[in-house]
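Working through the structure, step by step
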Amino acid sequence: MEKNSFYKNGLNFSCKKCSACCGVSPGFVYLSKKDLLSLTSFFKLSIKDFVEKYCRWADYYGGTTVLALKEQKDYYCILWENGCSAYEARPIQCSTYPFWTWMLSSKETWAECALTCPGMNSGALHLPDEINAQSKMYSENEPVLKEDVLKLM
């Protein structure tokens, strides 16, 4: 974090359970190997069964194909059922929201994202060390490649 970062005094965020980040518009929840293993354990499913029931293949950077959660018809995450049905095992992408690297890139970007998330800029104060740790977890959480998933199956 730079010394003059817009969040040098922290940022306020408390989830309002509005579900805007879990649906409303199309998107991808990419799964890392850690996410995949956590979710298969949580649902007590084999990797093959979990992938067939809950996942899709998504094009990713550099021409790779990675694992992502399916969406319902209304764009809500496949795990959304009046709340996250796998909250305790939710993917790192979900658990680190809204402290994603790109959302923290500028005060303007943060403010723009806050227009669709009523939890941003309200509630609990998160200090820079926590924000940076969450952002690092998000940025280091690489989606699992299709060929690696197929090897696990």
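One can find the structure itself at the top, above this paragraph.
Let me begin by describing the structure that accompanies this report.

Considering helix α2 (residues 47–54)
All buried positions along α2 are accounted for by I47, F50, V51 and Y54. All buried residues of α2 fall inside an arc of 100° around its axis, so they share one side. On the buried face of α2, the contacting elements are α1 (33–43), β2 (55–59), β3 (65–69) and α6 (146–152).

Some remarks on the packing of aromatic side chains
Inspection of the entire model under this criterion finds 16 aromatic pairs. When the centroid spacing of 6.4 Å and the interplanar angle of 50° are considered together, the rings of W100 and W102 count as tilted. Residue W100 is classed as buried on the basis of its relative accessible area of 14%. Relative accessible area serves as the criterion here: at 44%, W102 is assigned to the partly exposed category. Taken together through their ring pairs, the aromatic side chains of F6, Y7, F13, Y97, F99, W100, W102, W110 and Y138 make up a single cluster. Over the ring of Y87 we find K17, and its NZ or CZ is 6.0 Å from the ring centre. In this structure, R90 packs its charged tip against the face of Y87, placed 3.8 Å from the ring centre.

Here we look at the layout of surface pockets
If you add up the space inside the largest pocket, you get close to 1200 Å³. Along its surface, the largest pocket is lined by 46 residues, and A20, C21, C22, C94 and Y97 are the ones closest to its centre. Elements that contribute at least two residues to the lining of the largest pocket include exactly α3 (92–95) and α5 (128–140). Looking at which element gives the most residues to the lining of the largest pocket, the answer is α3, with 3 residues. Partitioned by chemical class, the residues of the lining of the largest pocket number 28 nonpolar, 11 polar and 7 charged. Put simply, the second largest pocket is a space of about 320 Å³. Around the second largest pocket, the lining residues are F28, Y30, Y60, Y61, I92, Q93, Y138, S139, N141, E142 and P143. Mapped onto the lining of the second largest pocket, the elements with two or more residues apiece are α3 and α5. Of the residues that constitute the lining of the second largest pocket, the class distribution is 7 nonpolar, 3 polar and 1 charged.

The rules behind each value
- Residues numbered from 1 in each chain as written.
- Predicted model: local features only at pLDDT ≥ 70, side-chain atom pairs only at ≥ 80, totals over all residues.
- Heavy atoms only, no water.
- Buried < 20%, exposed > 50% of the residue type's maximum accessible area, 1.4 Å probe, protein only.
- Helix = DSSP H or I, 4+ residues; strand = E, 2+ residues; numbered from the N terminus.
- Arc of directions from axis to C-beta.
- Contact = heavy atoms within 4.5 Å.
- Phe/Tyr/Trp six-rings, centres within 6.5 Å; stacked < 30°, edge-to-face > 60°.
- Lys NZ or Arg CZ within 6 Å of the ring centre and 35° of its normal.
- 1 Å grid on protein atoms, 1.4 Å probe; cavity = no way out; pocket = protein on both sides within 12 Å on 5 of 7 lines; lining within 4 Å.
- Points joined across faces, edges and corners; volume = space filled by probe spheres on them.
- Nonpolar A, V, L, I, M, F, W, Y, C, P; charged D, E, K, R; others polar.

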